[in-house]
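Residue-level structural notes
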Amino acid sequence: MSDREIWVFAQHADGRPADPSLEALSAARKLADWQNGTVTAISLGPGARNLVAALGEHGADRVIVCDDTRLSGYAPEATVHLLADLVRGRAPLAILFGDAGLGNDLAARLAARLGCGFAPHCTSVEPAVELPSQPGFVVKRLAYNDKLQITLAGAQIITLQREAVEIKRAPRAPQVEEVALAIPTEAVRLQIGETLKADPRTIPLAQAEFIISGGNGVRNFAPLWALADRLGAAVGGSRVVCDDGRLPRERQIGESGTTVSPRCYLAFGISGASQHLRGMQDSKLIIVVNSDRHAPLMKLANLAVVADAEAVIRAMVERL
Ligand SMILES: Cc1cc2nc3c(=O)[nH]c(=O)nc-3n(C[C@H](O)[C@H](O)[C@H](O)COP(=O)(O)OP(=O)(O)OC[C@H]3O[C@@H](n4cnc5c(N)ncnc54)[C@H](O)[C@@H]3O)c2cc1C
């Protein structure tokens, strides 16, 4: 086994690797190329074998497969048991997880089980260039509501923030290794009773890809919730509307709320005070509806609509 082997946990759904896992794979490939090392992807659960080609396409030299049904869905005990056994036996240099559903959960559990360094939500992972003789990595992550960037060295288990790394093709034909899960029955204490689908409107704002946000220009939030339901968007708002209870506090966006960077931020009746802007200015597409064309948020908008917010919301609900 190479002492410069980097592993990637390959989460999958609908027969293909999840994008965050491909991001982690691309990061691992770059690190391995730099260190003349290899990349191993770990693909677990029913259908795990079907991922081999896609993982090879994105840079895996080897794929470890275990298609045991006890690893399907949310099975942290069995998954961590298997991963810990594999890591103890083979000692990879590092294990990368994408920031997808299970990734952070499993990475934290695995780090605790192995007693090794853990760096979650990293925005970059680079070789430790100042110590080229010692393979290892330096990671960066944001802290204190993204106000501070921390640099860490020595972590062996790393999760990468969504879209921190670009997915790149690096085709090769990976070796496939099948392994068996040997876990005592009594070690599996968690039984999944029912799986409930999350309401996209109330998912954590930092994870939302599409946010509909309301400010003081929206008096009645019921139609805004209805619009978010139609569009599958998360609901957020300015501090003013969270202060007076029009929205729950955890939906506040801005300096003293949550920092967001969705693909689309659709704002109704929000002025664009600096404290609000600091929390959403990295949104990819910003659409603003405001009755005042000179409102500061209108200047940041990719599309600015001068109109009554509630009238636009009602019209959209009727048409969708
Ligand atoms: C320390 C500190 C921290 C703060 N942190 C945050 C924070 O994290 N997040 C945050 O949002 N704020 C924060 N604030 C508050 C911030 O300064 C603003 O007061 C707040 O963002 C204003 O919210 P708003 O734009 O919804 O309301 P307003 O400033 O009242 O603006 C309402 C907007 O709606 C428009 N409007 C009115 N009627 C209509 C209509 N019928 N149709 C369309 N548009 C209409 C108006 O033209 C106006 O632009 C903070 C303030 C301080 C001092």
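Procedures and definitions
Position numbers for residues start from 1 in each chain and track the written sequence from start to end. Predicted model: local features are reported for residues with pLDDT of at least 70 only, side-chain atom pairs are reported and counted for 80 or more only, and whole-chain, interface and lining totals are derived from all residues. The split into domains, and so the bounds of each, comes from an automatic or database assignment of domains. For this entry, the nonpolar core is defined as buried Ala, Val, Leu, Ile, Met, Phe, Trp, Tyr and Cys residues connected by C-beta atoms within 7 Å. Exposure in this text rests on C-beta crowding, where 20 or more other C-beta atoms within 10 Å of a residue's own make it buried, 12 or fewer make it exposed, and counts in between make it partly exposed. The C-beta atoms are placed from the backbone. In DSSP terms, a helix is any run of H or I states spanning at least four residues, a strand is any run of E spanning at least two, and both are numbered starting from the N terminus. Residue pairs qualify as contacts under a 7 Å threshold applied to their C-beta atoms, which are placed from the backbone. We call a residue near a molecule or strand when the C-beta position, derived from backbone atoms, sits within 6 Å of it. Classification used: nonpolar for Ala, Val, Leu, Ile, Met, Phe, Trp, Tyr, Cys and Pro, charged for Asp, Glu, Lys and Arg, polar for all others including Gly. For two strands to be treated as a pair, DSSP must find no fewer than two bridges joining them. For helices, the fitted axis covers only the stretch in contact; all axes are lines through C-alpha atoms, and the angles between them, taken along N-to-C directions, range from 0 to 180 degrees. Each angle gets one of four labels, with under 35 degrees taken as roughly parallel, over 145 as roughly antiparallel, 65 to 115 as roughly perpendicular, and the rest as oblique. Left-handed describes a crossing whose near helix is turned anticlockwise from the far helix through less than a right angle; right-handed describes the clockwise counterpart.

**Let's talk about the domain arrangement of the chain**
- Looking at the assigned domains, one finds that the chain contains domain 1 (5-187) and domain 2 (200-319).
- Each of domain 1 and domain 2 has a C-alpha centre, and these two points are 35 Å apart.

**Quick word on the nonpolar core**
- Ranked by size, the top nonpolar core spans 52 residues in total, and within it Val8, Ala28, Leu96 and Ile158 carry the most contacts.
- Here this core gets seven residues from one element, more than from any other, and that element is helix H1 (residues 19-35).
- With near-sequence residues (within four places) excluded, Ala28 lies in contact with Ile6, Val8, Val39 and Leu96.
- Judged by nonpolar contacts, the second largest core, of 30 residues, contains Val218, Leu227, Ile253 and Met280.

**Topic: the site of the ligand**
- Close to the ligand lie 26 residues; Gly215, Asn216, Gly217, Ser238 and Gly254 are nearest.
- At the level of secondary structure, the elements contributing two or more residues to the shell around the ligand comprise helix H6 (239-243), helix H7 (274-280) and strand E15 (285-290).
- Examining the composition of the shell around the ligand, we find that three residues originate from one element, H7, more than from any other.
- Of the residues in the shell around the ligand, the class split is seven nonpolar, 15 polar and four charged.

**With respect to the sheet that holds strand E8 (residues 137-143)**
- Sheet architecture is open: nine strands sit in the order E9-E8-E7-E10-E6-E1-E4-E5-E11, paired in mixed fashion. Only two strands of the sheet have a single neighbouring strand rather than two, namely strand E9 (148-153) and strand E11 (175-178). Taking the axes of each pair of neighbouring strands and ignoring which way they run, one obtains an average angle of 35 degrees across the sheet.
- Strand direction decides the pairing type here: strand E5 (residues 62-66) and E11, joined by four bridges, are parallel. Paired with Val63 across the bridge in E11 is Val176.
- Against the sheet, helix H3 (residues 76-90) engages strand E4 (38-44), E5 and strand E6 (94-98), with an angle of about 155 degrees to E4.

**Here we look at the packing of H3 against helix H4 (residues 102-114)**
- Contact geometry for H3 and H4: axes closest at 10 Å, N-to-C directions at 50 degrees. Classified by the interaxial angle, the pair formed by H3 and H4 is oblique. Where H3 crosses over H4, the two elements pack in a sense that is right-handed. Touching Pro76, Thr79, Val80, Leu83, Ala84 and Val87 of H3 are Asp105, Leu106, Arg109, Leu110, Arg113 and Leu114, all from H4.
- Its residues placed into classes, the contact of H3 with H4 shows eight nonpolar, one polar and three charged.

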